[in-house]
Amino acid sequence: VKIPLRRLQHCLEGHLYPMIASCAPDGTPNISVVSYVGLVDDEHVALGMRFLSRTPRNVAANPRASVLLVDTRTCRQHLLDLELVRSETSGPRYEQMRVRFDGIAAVSGIKGIVKPASVDIYRVLDYRPLDRGYLPEPPERPIAAAAVRELTVEIGACEDLSALLDVTLRGLARHLHYGHSMILLSDPGTTKLYAVASHGYATSGAGAEVEFGNGVIGVAAAERRPILITHAGREERNNRWVRRRAQELGDDPGVEREIPLIGLPEAQSRLAVPILGRGRLLGVLYLERTAAGDFVEEDETTLVALAGQLGTAILLCAQSAAQPSPAPVPGPISIAPSGPPLLVRRYELDQSVFIGDDYLIKGVAGAILWKLLNSYRQEGRTEFSNRELRLDRALGLPDVGDNLEARLVLLQRRLVDRSAHIRLEKVARARVRLTVARPLELRSIGRV
Amino acid sequence: VAAVIDPALQGFIESGVSIFVATRDNANVPALTRGAGCSVSPEGWVTVYIAREQAGRCLDDSRATGAISVLLVMPHTYESYQLKGADARAIELDAQDRTRVTAYRDAFFANLAVIGLRADVAAGLLPVEPEAFVGLTFVPTEISGSGRSNDAEDAA
């Protein structure tokens, strides 16, 4: 029974790696693990390997090969008869595979030892199930186009960054059933991302930082390409093997430090998609699921399209926030702070701010909060415009792409997470209001 | 010349590792199927069991050329060995072989459970009835694998 090649994508992402048989010119068969299989079109597949093997040499001399795939949802096994068309050592498909391998290595914190020689494009001469299959095939997932359309409309209607982030993540859950997701934005002038919004977790995780190149998210940012991991456990086992082999060859890749980020501890399916706008990396959209093989290339395609929409919307929000803000808005009747003084400490060294003994935030966002609290304390001010923050050189905002709006969103969310007594809310375009429920004791600690 | 299979390797070969079998026809077109257990005779011959339903082309190839390669991989460690031969021939299974196939299924499925594959899924990889299997017997002339550094490139 013939089935469309795209239906085989679940075979590529399960617990079991595909295997390939090739044959040397002298007639000796050989079997190798296939690390990467991509569907090129209805007649071609792309294969790649993370290891040295005899397969490339064999198929260079004798282009015929046979690949065994297992759909671990149904246990149906498929045999593909292939003929090598060409090997690519550069170009988009090679880059896609290389980045995928970097992402796989990043699951275990390995860097820089997997350099695939080529991605090989094969014509599929024949494919057929080897047996009847054991379990019934799950129903096809509904086409996502209608859901993407709805979410795109919702994203387009957002006027400020905070709402945009929440609408996007809530919409991914409601329309597309991505229940666990987060958005990290890039920190201009650095090689870091910081988490600014999440959905589906017990805590918001706002403020967690990821260095470019670290983990699946960091690699997606560094490479500006999506990373799809469909079986983290399989890759971790495989990475242990890669590391052992590297050690045998005297090339120990070492281990990166742990990434302090919220997430599902047992997530097997992971997808990190860069958010780009006008050629700049704005952040990363990250999704995960506990079950293995829950994301396929279709998910990646859908999320790349949505991340493009999100990138444009983020830039539009930033443009809007850069406009002059309207006149101050009459606020609610303020209630005088009461209760014992709340100690807020700021460390000049890294602009980190602690409320009581709890760390709140550092860097530019810390400097912004310190300025707002001092203005409140010294002048009784509670409303502030984005423009005056931008003009304050002491805050250390970069001249171009300052991400002020994103830093304010991060600050708002960290305050919600960590303090019951200080709030920052948006009251109009490019204007925020500070609310303080307890008397403040501000203490700045200088550089030592 | 037959390659030497030491007791440790024999233990690995006869355990519940993942097994794949490749053959080729007269035009050097390879075929691939899943193995369902392996045994080593006192003389050093290797018999790999395969399901008739899944292995039609491999059986045809064995009659035509006899060239064979068997890859054995421990699913959770990726320790692997590849045995190659040139004289594979099909045999019907006797009672002892059928017992080995049944024991292999149990050991293999236990190894797949370690990597998180559900038992109901694993069970579908191989037929249940021992009568569904045949054997390919050959003399291994070449052995490579992750435990043998000279053949590092064949480890996968």
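In this report, the structure presented in the accompanying data block is examined. (Residues numbered from 1 in each chain as written. Chains lettered and ligands numbered in written order. Predicted model: local features only at pLDDT ≥ 70, side-chain atom pairs only at ≥ 80, totals over all residues. Heavy atoms only, no water.)

### Some words on the pattern of salt bridges
Following the criterion strictly, the structure yields 24 salt bridges over all chains and no others. We note a salt bridge from Asp187(A) to Arg407(A), for which the minimum N-O separation is 3.0 Å. Linking Asp187(A) in the loop between strand E8 (181-186) and strand E9 (192-199) with Arg407(A) in helix H10 (residues 404-418), this pair joins segments that are 220 residues apart in sequence. For the residue pair Asp187(A) and Arg407(A), the accessibility class agrees, reading buried in each case. Here the salt bridges share partners, and the residues they tie into one network are Asp81(A), Asp126(A), Arg128(A) and Arg57(B). (Salt bridge = Lys/Arg side-chain N within 4 Å of Asp/Glu carboxyl O. Helix = DSSP H or I, 4+ residues; strand = E, 2+ residues; numbered from the N terminus. Buried < 20%, exposed > 50% of the residue type's maximum accessible area, 1.4 Å probe, protein only.)

### What to know about the packing of aromatic side chains
All names here are of chain A. As enumerated under the stated definition, the model contains six aromatic pairs over all chains in all. Centroid distance tyrosine 347 to phenylalanine 354: 5.5 Å. Interplanar angle 70°. Geometry classified as edge-to-face. Here tyrosine 347 falls in the partly exposed class, since its relative accessible area comes to 27%. Pairwise contacts between aromatic rings join Tyr347, Phe354 and Tyr359 into one cluster. (Phe/Tyr/Trp six-rings, centres within 6.5 Å; stacked < 30°, edge-to-face > 60°.)

### Observations regarding unusual backbone geometry
Residues and elements named next belong to chain A. Of note, the phi angle at histidine 177 is positive, near 65°, even though the residue is not glycine. Mapping histidine 177 onto the fold places it in the loop between helix H4 (161-176) and E8. Its relative accessible area of 58% is what places histidine 177 among the exposed residues.

### Some thoughts on the side chain of Lys84(B)
Here Lys84(B) lies in strand E5 (residues 80-85). One buried charged residue, Lys84(B), forms no salt bridge at all, with the nearest opposite charge on Glu142(B) at 4.4 Å. Once residues lying within four places of it in the same chain are set aside, the contact partners of Lys84(B) are Thr28(A), Pro29(A), Asn30(A), Arg54(A), Ile68(B), Ser69(B), Phe138(B), Val139(B), Pro140(B), Thr141(B) and Glu142(B). (Lys, Arg positive; Asp, Glu negative; His and termini not counted. Contact = heavy atoms within 4.5 Å.)

### What about the interface of chain B and chain A?
Opposite the 45 residues of chain B that make contact, chain A presents 49 residues. Approximately 3800 Å² of surface area, both sides summed, lies buried where chain B meets chain A, with 58% of it carried by carbon and sulfur atoms. One salt bridge in this structure joins Asp81(A) and Arg57(B), with 2.7 Å as the shortest N-O distance. Summed over the shared surface of chain B and chain A, the result is nine residue pairs in polar contact (both at pLDDT 80 or more). Mapped by element, the contributors of at least two residues to the side of chain B that touches chain A are strand E1 (18-24), strand E2 (30-40), strand E4 (68-73), E5 and helix H4 (119-122) of chain B. Counted by class, the side of chain B that touches chain A contains 23 nonpolar, eleven polar and eleven charged residues. (Buried area = accessible area lost by both parts, 1.4 Å probe. Polar contact = N/O pair within 3.5 Å; in protein donor to acceptor, adjacent residues only side chain to side chain. Nonpolar A, V, L, I, M, F, W, Y, C, P; charged D, E, K, R; others polar.)

### Some thoughts on helix H2 (residues 92-107) of chain A
Residues lying three or four places apart along an α-helix face the same way, a consequence of the helix completing one turn every 3.6 residues. Residue and element names in this part refer to chain A. Taking 1.5 Å of rise per residue, 16 residues should cover 22 Å, and H2 covers 23 Å from first to last C-alpha, within 8% of that figure. The element H2 is extensively covered by neighbouring structure, given that twelve of its 16 residues are classed as buried. Buried within H2 we find Tyr94, Met97, Arg98, Val99, Arg100, Phe101, Asp102, Gly103, Ile104, Ala105, Ala106 and Val107. (Expected span 1.5 Å × (residues − 1).)

### A word on the sheet that holds strand E15 (residues 352-355) of chain A
Residue and element names in this part refer to chain A. Taken in spatial order, the four strands of this open sheet run E16-E15-E14-E20, and their pairing is mixed. Because the sheet does not close on itself, it has two edges, and the strands there are strand E16 (358-361) and strand E20 (440-445). Strand-to-strand, the axes of this sheet are offset by a mean angle of 25°, without reference to chain direction. Note: strand E14 (residues 342-347) against E15, four bridges, orientation antiparallel. Bridge pairing in E15 links arginine 345 to phenylalanine 354. Together, E14, E15, E16 and E20 form the strand contacts of helix H8 (residues 363-379), whose direction differs from that of E20 by roughly 135°. (Pairing = 2+ DSSP bridges. Axes fitted to C-alpha atoms, helices over the stretch in contact; angles between N-to-C directions.)

### Observations regarding the packing of H8(A) against H10(A)
All names here are of chain A. Where H8 contacts H10, the axes come no closer than 9 Å and their chain directions differ by 75°. With respect to their mutual orientation, H8 and H10 come out roughly perpendicular. Residue-level contacts link Val364, Ala365, Ile368 and Leu369 of H8 to Leu404, Arg407, Leu408, Leu411 and Leu415 of H10. Residues that form the contact of H8 with H10 fall into these classes: eight nonpolar, no polar and one charged. (Parallel < 35°, antiparallel > 145°, perpendicular 65-115°, else oblique.)

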